[in-house]
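What follows is the residue order along each chain.
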There are 4 protein chains.
Amino acid sequence: CREMNGKRFDNVALDILLTDLAKVNNSRDRANRLFQWLIHPVQDKSFFRDNWEKKPILIQRQNADYYKGLFSTAEFDRILRNDDVQYGVNLDVTSYTNGKRETHNPPGRALPYTVWDFYESGCSIRMLNPQAFSSTVWQVLSVLQEKFGSMAGANVYLTPPGTQGFAPHFDDIEAFVVQLEGRKHWRVYNPRCEDEVLSLVSSPNFSQDEIGEPVMDVVLEAGDLLYFPRGFVHQGDCLPDAHSLHITISSYQRNSWGDLMLKLMPAALEVAMEEDVEFRKGLPLDYLQYMGVQNSEKEDPRRDRFMAHIQGLMKKLVSFAPVDAAVDQKAKDFLHDCLPPLLTAEEKAGSVYGAPARWGDSEALDVAVELKSQTRIKLVRAGAARLCSDGDTVHLYYTTENSRVYHKEASKSFEMKTEHIDAMEFLIHSYPKFVSVASLPCETAEAKMSLAELLFEKGLIFTAEPLTAQ
Amino acid sequence: CREMNGKRFDNVALDILLTDLAKVNNSRDRANRLFQWLIHPVQDKSFFRDNWEKKPILIQRQNADYYKGLFSTAEFDRILRNDDVQYGVNLDVTSYTNGKRETHNPPGRALPYTVWDFYESGCSIRMLNPQAFSSTVWQVLSVLQEKFGSMAGANVYLTPPGTQGFAPHFDDIEAFVVQLEGRKHWRVYNPRCEDEVLSLVSSPNFSQDEIGEPVMDVVLEAGDLLYFPRGFVHQGDCLPDAHSLHITISSYQRNSWGDLMLKLMPAALEVAMEEDVEFRKGLPLDYLQYMGVQNSEKEDPRRDRFMAHIQGLMKKLVSFAPVDAAVDQKAKDFLHDCLPPLLTAEEKAGSVYGAPARWGDSEALDVAVELKSQTRIKLVRAGAARLCSDGDTVHLYYTTENSRVYHKEASKSFEMKTEHIDAMEFLIHSYPKFVSVASLPCETAEAKMSLAELLFEKGLIFTAEPLTAQ
Amino acid sequence: CREMNGKRFDNVALDILLTDLAKVNNSRDRANRLFQWLIHPVQDKSFFRDNWEKKPILIQRQNADYYKGLFSTAEFDRILRNDDVQYGVNLDVTSYTNGKRETHNPPGRALPYTVWDFYESGCSIRMLNPQAFSSTVWQVLSVLQEKFGSMAGANVYLTPPGTQGFAPHFDDIEAFVVQLEGRKHWRVYNPRCEDEVLSLVSSPNFSQDEIGEPVMDVVLEAGDLLYFPRGFVHQGDCLPDAHSLHITISSYQRNSWGDLMLKLMPAALEVAMEEDVEFRKGLPLDYLQYMGVQNSEKEDPRRDRFMAHIQGLMKKLVSFAPVDAAVDQKAKDFLHDCLPPLLTAEEKAGSVYGAPARWGDSEALDVAVELKSQTRIKLVRAGAARLCSDGDTVHLYYTTENSRVYHKEASKSFEMKTEHIDAMEFLIHSYPKFVSVASLPCETAEAKMSLAELLFEKGLIFTAEPLTAQ
Amino acid sequence: CREMNGKRFDNVALDILLTDLAKVNNSRDRANRLFQWLIHPVQDKSFFRDNWEKKPILIQRQNADYYKGLFSTAEFDRILRNDDVQYGVNLDVTSYTNGKRETHNPPGRALPYTVWDFYESGCSIRMLNPQAFSSTVWQVLSVLQEKFGSMAGANVYLTPPGTQGFAPHFDDIEAFVVQLEGRKHWRVYNPRCEDEVLSLVSSPNFSQDEIGEPVMDVVLEAGDLLYFPRGFVHQGDCLPDAHSLHITISSYQRNSWGDLMLKLMPAALEVAMEEDVEFRKGLPLDYLQYMGVQNSEKEDPRRDRFMAHIQGLMKKLVSFAPVDAAVDQKAKDFLHDCLPPLLTAEEKAGSVYGAPARWGDSEALDVAVELKSQTRIKLVRAGAARLCSDGDTVHLYYTTENSRVYHKEASKSFEMKTEHIDAMEFLIHSYPKFVSVASLPCETAEAKMSLAELLFEKGLIFTAEPLTAQ
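Bear in mind that the values here come from a model prediction, so they are computed numbers and not experimental data. (Residues numbered from 1 in each chain as written. Chains lettered and ligands numbered in written order. Predicted model: local features only at pLDDT ≥ 70, side-chain atom pairs only at ≥ 80, totals over all residues. Heavy atoms only, no water.)

## Considering the packing of aromatic side chains
The geometry of an aromatic ring pair comes down to the distance between the two centres and the angle between the two planes. Scanning the model with the defined rule gives 128 aromatic pairs over all chains in all. Taking the centre distance of 6.3 Å and the plane angle of 20° together, the rings of W52 of chain A and Y227 of chain A count as stacked. Of this pair, W52 of chain A sits in the loop between α3 (44-50) and β1 (57-59) while Y227 of chain A sits in strand β8 (residues 225-228); the two residues are 175 residues apart in sequence, bridging distant segments of the chain. Under the relative-accessibility criterion, Y227 of chain A is labelled buried at 0%. Measuring from ring centre to ring centre gives 4.8 Å for W52 of chain A and Y252 of chain A, while their planes differ by 80°; the resulting arrangement is edge-to-face. With W52 of chain A in the loop between α3 and β1 and Y252 of chain A in the loop between β10 (244-251) and α7 (257-275), this pair connects stretches of sequence that are 200 residues apart. Each member of the pair, W52 of chain A as well as Y252 of chain A, carries the same accessibility label: buried. Site record: aromatic cluster; members linked through ring pairs are F35, F47, F48, W52, F148, F176, Y227 and Y252 of chain A. One residue, R61 of chain B, lies across the ring of Y66 of chain B, its end atom 3.9 Å from the ring centre. The cationic tip of K378 of chain D hangs over the ring face of F434 of chain D; the distance from NZ or CZ to the ring centre is 5.4 Å. (Phe/Tyr/Trp six-rings, centres within 6.5 Å; stacked < 30°, edge-to-face > 60°. Helix = DSSP H or I, 4+ residues; strand = E, 2+ residues; numbered from the N terminus. Buried < 20%, exposed > 50% of the residue type's maximum accessible area, 1.4 Å probe, protein only. Lys NZ or Arg CZ within 6 Å of the ring centre and 35° of its normal.)

The following block contains the structure:
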């Protein structure tokens with residue numbers, strides 16, 4: 001029983017789901033569907049109304065296979081064997097015993113011989129960026145990041161029976177705890193005070209007497225999901241009879257209104273100082289005599305006037321705030337944080353990765369196969385490229401050359417020629433529809449083709465039909 | 001004919017004025033009087049109402065000796081002879097001929113032999129910080145900085161007859177052109193556009209066709225004063241019959257409301273994000289789809305809601321703004337910029353510089369002479385020390401160990417012990433009255449004495465009577 | 001027809017050769033055999049006597065398949081398709097037309113679509129570190145580096161028919177040009193002067209009239225080899241009828257006696273100044289009056305005495321030279337430069353990479369399988385680890401954690417405990433023999449086992465028989 | 001009774017001596033005479049034969065006024081009062097009580113009020129660079145540096161009766177302890193071992209049981225001198241009945257043959273590698289197998305051959321050593337270390353500092369007074385300027401723009417034009433004779449004059465007669 005229209009996914013294994021998603025032609029729809037699967041049977045609307053950034057929710061499914069295919073300890077073992085997993089970089093060995101939290105990473109590569117020895121002696125194993133090693137995790141996160149409009153990350157936690165690997169603490173991200181194998185006992189606690197609600201920083205490790213009574217005390221079984229907002233204290237431990245493997249999917253790190261204002265306010269002030277002489281006028285000659293901490297308890301009408309004046313300027317600042325430009329600053333950071341998209345076979349066939357140019361029998365073949373005026377193109381993903389202003393110029397920022405390893409590559413962008421900007425905007429807003437090269441709003445046919453060639457060569461677009469030599 | 005009560009100074013040579021000022025017991029009064037002398041017969045009130053930051057004013061006096069004693073070419077020659085004046089560091093050789101502005105500094109020390117050769121060949125000579133070489137200039141500026149609450153600087157310009165040394169331009173400071181010798185033809189032009197009114201940056205050199213018609217076209221004679229605000233374009237050239245020596249006294253560089261807000265806004269946002277959860281709440285999931293430059297022409301009700309929300313937060317920011325702490329940041333910069341005070345003989349006698357401890361006949365003498373409980377003390381200057389908050393601690397910032405060379409010394413401060421803070425504030429606010437050590441509001445006599453000793457040893461206070469061994 | 005005893009390899013495909021090498025139990029023997037294959041039928045002895053660092057040699061084979069399997073344009077096409085090859089980092093596009101040498105790298109990833117377009121328009125393609133993408137090249141170079149005792153590197157060059165990609169120049173390495181496909185016309189020229197013989201730096205591009213007449217003018221066919229020493233000018237161009245693919249294997253970059261002395265001389269002087277007072281004695285009071293360039297043409301007996309004295313000290317320096325420590329400095333650099341070894345299946349089985357510890361059905365299995373006293377061990381390669389002195393301590397430097405990308409990883413080493421040093425030296429000198437853990441010359445059984453465990457966990461040794469759970 | 005011809009200076013006060021020295025026309029002679037006065041009645045020749053760098057010597061004079069005028073505690077008190085002496089920068093407060101050595105510097109300026117308080121409580125006062133504050137000390141050191149060909153420095157030590165300020169230690173300089181006031185008990189100890197003889201580094205503080213028995217145990221009275229070489233341990237303490245003031249004049253810090261070789265050896269190796277192919281030849285293929293610390297105990301004939309070969313190359317290096325260029329490197333450091341010369345009134349009159357160009361009555365006067373062809377010139381000091389090679393160019397390094405504060409100014413030099421080099425060398429070697437501008441060996445009269453003008457403007461030469469306007 002599976003329906004793709006959002007209602008039931010109970011028996012849909014992840015690989016079938018991903019195959020179906022590949023047929024959806026809008027990456028934002030893919031993101032919505034995948035997120036719906038993640039929180040099923042809770043509805044997107046009710047989740048974001050009642051839980052998101054508000055309170056924890058436990059989703060129990062009595063279906064140990066619900067998340068099957070996402071990740072497993074067997075795959076983890078394969079990764080250790082075949083890939084260069086480094087202690088302290090990709091993997092942490094931890095323990096929390098008698099109230100003491102310790103890390104046991106030796107230097108060098110983490111191989112099964114030593115990792116399983118740590119596990120056997122009661123240590124927890126945390127894999128820090130499974131998306132760099134598992135294509136499925138990469139794919140799931142790269143789809144979900146379009147749902148969140150904020151980087152989606154993940155950690156995997158493997159815990160031996162009867163042990164706990166971490167002290168109680170809270171994080172700076174929205175957390176989706178996806179139980180993959182075994183079971184785990186979780187306790188979740190309300191934020192300890194107003195200032196820790198939706199905290200923008202992670203906490204230190206707490207002792208048990210600093211955190212109060214749990215508001216949730218549950219056992220997560222394989223196939224279950226636990227969500228809690230940033231700022232909620234939590235701890236999980238394994239029961240004596242079973243190990244636990246879970247993956248925590250996270251998002252919304254430093255993605256608050258205040259974080260946007262950190263970009264916006266300096267820009268607003270810069271504009272105001274350029275455009276409004278009130279901001280350039282001199283301070284009162286005598287302000288240091290009544291303002292400042294040493295004068296803060298003085299009764300002085302000049303203090304009141306000074307306060308009123310600066311508050312007036314602060315309010316006036318609103319009208320100079322370049323909100324869209326500040327959002328672009330935020331967007332640039334996000335595009336740098338993004339995982340690169342994982343293209344489907346069909347998408348690849350229509351992209352530069354599938355172009356037929358190749359080495360044949362002692363010569364280069366199909367080199368002349370090229371885009372044509374009637375070729376229909378679209379962006380590889382709704383969020384794979386974005387026009388952002390950088391002062392006087394416009395740059396296209398994009399995700400396709402990012403690495404699966406966080407910020408291993410520098411932020412990628414290039415300056416847009418003036419003659420290409422409108423067409424680029426047109427292409428972005430046309431998504432998910434294909435549009436012909438000829439339909440791009442450039443002044444000349446050459447400009448249309450040079451933009452299309454540029455985007456094609458960078459892997460930012462694919463064609464409705466694969467390019468062929470006829 | 002001279003009166004010290006502000007009305008007439010016509011025949012008061014500068015040294016008599018300074019001698020009289022030394023008898024004024026409040027450094028702020030000294031500053032007011034010296035400034036009044038500078039702009040005499042214009043009144044302080046009318047100057048700040050009509051001219052300051054508004055429009056140029058020319059004050060003609062028909063008294064070539066009015067500013068006598070402030071600086072002269074003869075003193076400049078003495079300085080070249082006796083002090084280490086370096087080309088490019090302390091002195092520039094410039095010319096402006098046929099619309100071309102050039103600098104001719106050789107490397108190394110500027111000696112009369114080469115400087116007068118440059119002058120003779122038609123170059124202008126600019127001395128960059130005469131306060132480092134002339135005690136009178138130092139004294140005048142160190143008094144005036146208390147008037148302005150902002151660093152007072154100076155350049156000296158010597159121009160041969162029939163030449164011009166600089167291209168038309170505007171500066172980022174309020175300028176008082178004090179004609180010392182000879183005469184100079186000046187043309188002043190209105191700011192070229194709204195954005196250059198009260199400009200916070202200096203302009204490049206302009207060509208004659210970029211600046212329009214002058215609003216003032218005058219000849220400054222020795223003893224005259226020309227003031228113009230920042231942003232006003234100006235140029236001066238010598239008539240064929242006379243050289244010119246003037247000193248330009250400047251202030252209010254980056255001392256605008258906007259400059260204060262550059263300190264204030266980040267602090268306000270930091271407080272708001274800590275104290276108000278509204279600033280920590282996440283941005284809308286989909287905001288990148290309708291905000292940002294690429295979406296700025298979209299009609300979308302979500303854009304309006306987003307704009308309204310962020311404007312609401314910006315307004316709310318006002319209530320979190322730590323204005324006094326931001327003023328302290330500004331004050332710290334000012335105290336670092338300040339010239340050190342030049343003490344009068346009487347002030348020196350009551351300070352650590354006049355204490356009788358000395359080397360006598362093979363032994364140290366008068367070492368035991370010390371402050372006593374009944375000793376009456378006051379700050380050396382109203383603005384010589386200031387309590388400023390640095391997060392959790394309170395520091396005393398002070399100017400007495402600054403150098404006559406701009407920022408040659410690091411900013412000077414020390415942390416105030418909690419037990420001393422109230423007493424320090426009391427002492428600052430008691431200025432210009434002397435108060436006894438005993439009257440300081442500390443809990444113990446030891447604390448009173450240790451604060452007084454500390455301030456005395458740092459040269460921050462002087463005593464009503466010189467310390468003696470009785 | 002193939003014989004492994006060095007005489008004839010004519011029909012031995014590279015994969016068979018490598019399979020045979022895997023059975024050789026000493027990595028130095030493997031290196032000798034692989035090098036013999038490279039220069040076959042020339043003998044190692046005669047090559048190093050007559051050609052190495054002396055003069056070019058051409059080996060023609062009339063066997064286009066001799067180097068088959070090492071690399072091919074088809075493999076290059078596969079790499080472009082599947083791996084992240086970046087223009088300017090991993091690949092250069094060049095041309096040399098009408099005496100002008102140009103580089104045409106665009107930014108970003110090199111995909112077949114653009115690379116073949118460049119090729120088709122007459123550009124040469126240089127792949128900079130094929131060992132990072134081809135396991136066969138990696139393996140061949142990692143074996144050869146043990147022959148040279150110096151890093152072995154490689155570039156691959158693909159040139160279209162009738163074109164030339166590079167200007168005449170000389171390099172700073174010994175070059176083995178291995179023709180893989182097609183043919184290429186080569187001209188080699190003697191070093192232009194004494195100072196360029198065995199040059200330690202590469203030359204700029206030369207024009208044709210700066211290089212004289214070639215001493216060798218030949219056409220290299222697939223299966224042929226051309227060797228020339230550093231300092232020999234060379235240029236290659238394709239005939240109109242065939243493309244060319246060759247790989248240049250290089251070594252001995254900055255591996256001269258002088259390079260060793262750059263490590264040795266400062267160390268020698270440091271020791272001499274510590275141990276011999278003659279080096280600490282003061283210079284003559286008046287030496288500046290007769291020594292130095294301004295005095296170099298003076299006749300002065302003091303000059304002769306000074307010269308004689310310093311020459312005496314220079315000669316004396318010989319007796320303080322810590323040659324072995326300087327060799328260790330050189331060795332450390334080499335071990336950092338090395339490619340990591342590529343283990344055979346059998347070697348892997350006996351190493352930590354083949355240990356049976358694994359994840360089974362919800363639990364960790366075979367965790368207790370461990371080294372025992374009677375387990376026999378040996379280093380993975382003769383040159384994979386080296387004891388070097390660092391002042392007062394002894395470190396083990398090793399190559400096994402290096403990257404296939406040059407210096408991507410920091411130099412790897414760890415400090416040896418005193419109790420392990422003799423045993424480590426014993427293990428190194430025992431190579432290629434297996435020795436039992438029990439036979440290690442440590443004072444205690446615990447020390448023997450802890451050293452063996454450490455080396456095993458780092459992948460530096462393998463066991464005679466794979467570890468099993470009995 | 002005084003004779004200037006070296007024999008007796010007993011009653012010559014320092015100011016008379018310096019006046020007489022001013023009449024000596026060769027700065028090297030001045031240096032010899034001043035040094036002779038320092039060690040009188042010991043002869044220069046016997047001192048350098050028997051004591052310098054060999055063993056301590058005490059010179060007792062029974063003449064408390066012998067060094068009068070060099071420095072005094074009264075002058076020290078004046079300096080504290082008038083100059084900006086900073087604790088920790090210019091002055092240290094120390095104590096050595098019950099075997100414990102402490103430093104008591106507060107932050108900020110050292111004023112008599114606090115300094116004499118420290119002194120009174122038993123602390124020693126060390127002034128770190130009295131030459132920056134005392135013109136006499138400056139003059140004495142600037143003359144002596146020409147004797148030593150190495151920087152001459154000084155510290156002043158003031159010690160209260162019955163105290164000791166420093167723990168036993170040795171220094172890295174030749175020390176001349178000049179007793180100025182009071183008396184002090186000194187104990188000097190032989191270097192503790194061979195490696196500390198003429199040590200190039202200073203020692204830590206020793207305890208009394210680490211230093212053995214003194215080889216000298218004396219009381220220094222005012223007018224006495226104590227010399228000891230670097231590496232000799234020493235300690236001084238005041239007797240209960242008198243304070244002590246002494247100045248220690250030091251030289252020969254890092255001025256050994258080994259220090260010159262630190263410049264010479266890398267240069268020698270660079271030349272050898274460029275000029276001799278033997279140094280560019282590759283190391284043996286297998287050298288890492290028998291060389292290095294891990295092989296150092298092997299018996300292997302290849303080791304012997306390797307050693308012999310590298311020793312041969314080390315010996316060969318001698319012939320490539322650019323000794324004069326290395327001396328120039330050393331000379332450049334010395335010229336940067338030098339104190340600037342203090343010109344006599346007569347020297348000043350003939351130099352750029354005495355040129356008559358000046359500001360007169362509203363105009364520049366005597367600007368046209370210039371060097372002429374027949375003007376006779378000489379360097380201001382034998383060691384004030386030096387031609388040094390910098391690879392392909394020749395620079396003139398000079399001391400006249402140095403600061404009295406160590407390395408406050410960057411090293412001063414300028415490139416010599418080719419046409420001036422011979423003339424510059426001629427001028428240097430002509431010292432102390434005056435030569436006419438016309439006699440300079442340049443090709444053109446213009447070149448002669450431009451060199452003379454350049455040197456005159458930089459203050460490097462003076463004329464036989466002051467320049468005048470006739």
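## Concerning the interface of chain B and chain A
Taken residue by residue, the interface counts 77 residues in chain B and 77 residues in chain A. With both sides pooled, the region where chain B packs onto chain A buries about 6,800 Å², and carbon together with sulfur makes up 68% of that total. Inspection of the region where chain B meets chain A yields two salt bridges. Notably, a salt bridge pairs D324 of chain A with R303 of chain B, separated by 2.7 Å at the nearest N-O pair. Our count for the chain B to chain A interface comes out at 38 residue pairs in polar contact (both at pLDDT 80 or more). Of all the secondary-structure elements, those providing two or more residues to the side of chain B that touches chain A are α6 (135-148), α7 (257-275), α8 (287-290), α9 (301-317), α10 (323-337), β14 (385-390) and α12 (418-430) of chain B. In terms of residues, the side of chain B that touches chain A owes the most to one element, α7 of chain B, which gives 13 residues. Here the residues of the side of chain B that touches chain A are counted per class, giving 40 nonpolar, 15 polar and 22 charged. (Contact = heavy atoms within 4.5 Å. Buried area = accessible area lost by both parts, 1.4 Å probe. Salt bridge = Lys/Arg side-chain N within 4 Å of Asp/Glu carboxyl O. Polar contact = N/O pair within 3.5 Å; in protein donor to acceptor, adjacent residues only side chain to side chain. Nonpolar A, V, L, I, M, F, W, Y, C, P; charged D, E, K, R; others polar.)

## What about the sheet that holds strand β16 (residues 413-415) of chain C?
Residues and elements named next belong to chain C. Strand order in the open sheet formed by three strands is β14-β15-β16, and the pairing between neighbours is antiparallel. Sheet topology places β14 (385-390) and β16 at the edges, where each strand pairs with a single neighbour. In this sheet, adjacent strand axes meet at a mean angle of 30° when their direction is disregarded. Docked against the sheet, helix α11 (residues 323-337) engages β14 and β15 (393-398), running at close to 130° with respect to β14. (Pairing = 2+ DSSP bridges. Axes fitted to C-alpha atoms, helices over the stretch in contact; angles between N-to-C directions.)

## Quick look at the relation of the copies chain B and chain A
Overlaying chain B on chain A yields an RMSD of 0.2 Å, the required transformation being a rotation through 179° with an accompanying axial translation of 0.1 Å. Viewed as a symmetry operation, the transformation between the two copies matches a two-fold axis. When C-alpha positions in chain B are compared against the rotation axis, the closest is assigned to K315 of chain B, at 2.8 Å. Most of the interface of chain B is mirrored in chain A, where 100% of its interface residues are also at the interface. (Least-squares fit on C-alpha atoms with pLDDT ≥ 70 in both.)

## Considerations on the interface of chain C and chain D
Facing the 77 residues of chain C at the interface are 77 residues of chain D. Across the chain C to chain D interface the summed buried area is about 6,700 Å²; carbon plus sulfur atoms make up 68%. Sorting the residues of chain C by area buried against chain D places W257, L285 and Q294 of chain C first, and these three jointly supply 14% of that buried surface. Counting across the interface, chain C meets chain D through two salt bridges. On inspection of chain C and its partner chain D, the count reaches 38 residue pairs in polar contact (both at pLDDT 80 or more). Those elements that place two or more of their residues in the side of chain C that touches chain D are α6 (135-148), α7 (257-275), α8 (277-280), α9 (287-290), α10 (301-317), α11, β14 and α13 (418-430) of chain C. No other element matches the 13 residues that α7 of chain C contributes to the side of chain C that touches chain D. In terms of residue class, the side of chain C that touches chain D is made up of 40 nonpolar, 15 polar and 22 charged.

## Points about the relation of the copies chain C and chain D
Once chain C is rotated about the relating axis by 179° and shifted along it by 0.0 Å, it coincides with chain D to within an RMSD of 0.1 Å. A shared interface surface links the copies, since 100% of the contact residues of chain C are contact residues in chain D too.

## Thoughts on the packing of helix α2 (residues 27-39) of chain B against α6 of chain B
Residues and elements named next belong to chain B. Where α2 meets α6, the axes come as close as 8 Å, and the angle between the chain directions of the two elements is 100°. Looking at the two axes, α2 sits roughly perpendicular to α6. Of the residues in α6, those touching α2 at S27, R28, R30, A31, N32, L34 and F35 are V140, V143, L144, E146, K147 and F148. (Parallel < 35°, antiparallel > 145°, perpendicular 65-115°, else oblique.)

## Observations regarding the arrangement of the chains
The closest approach of any C-alpha atom in chain B to one in chain C is 24 Å; the two make no contact. Across all C-alpha pairs, the smallest distance from chain A to chain D is 24 Å, and the two are not in contact.

## So, the pattern of salt bridges
Oppositely charged side chains may form a pair once their charged atoms are brought near each other. Scanning the model with the defined rule gives 97 salt bridges over all chains in all. As a salt-bridge pair, E278 of chain C and K281 of chain C come within 2.9 Å of each other at their nearest N and O atoms. A salt bridge links K332 of chain D to D390 of chain D; the shortest N-O distance between them is 2.3 Å. Residue K332 of chain D is found in helix α11 (residues 323-337), and its partner D390 of chain D is found in strand β14 (residues 385-390); the two are separated by 58 residues along the sequence. For D390 of chain D, a relative accessible area of 26% corresponds to the partly exposed category. Each of R30, E347 and R381 of chain A takes part in one network of salt bridges that share partners.

## Points about unusual backbone geometry
For residues besides glycine, phi is generally negative; the peptide bonds are generally trans as well. All names here are of chain A. In this structure, P41 follows H40 across a cis peptide bond, with omega equal to 5°. With an omega of 10°, the peptide bond running from Y431 to P432 counts as cis. You can see P432 is positioned in the loop between α13 (418-430) and β17 (435-436). Positive phi values are uncommon outside glycine, yet H407 reaches one of about 55°. By the secondary structure assignment, H407 is in the loop between β15 (393-398) and β16 (413-415).

## A look at the environment of V137 of chain B
Residue and element names in this part refer to chain B. Secondary-structure assignment places V137 in helix α6. Owing to a relative accessible area of 1%, V137 belongs among the buried residues under this scheme. Between the C-alpha atoms of V137 and L18, which are 119 residues apart in sequence, the distance is 12 Å. Residues within four places of V137 in sequence aside, it is in contact with L70, F71, P130, Q131, A154 and I247.

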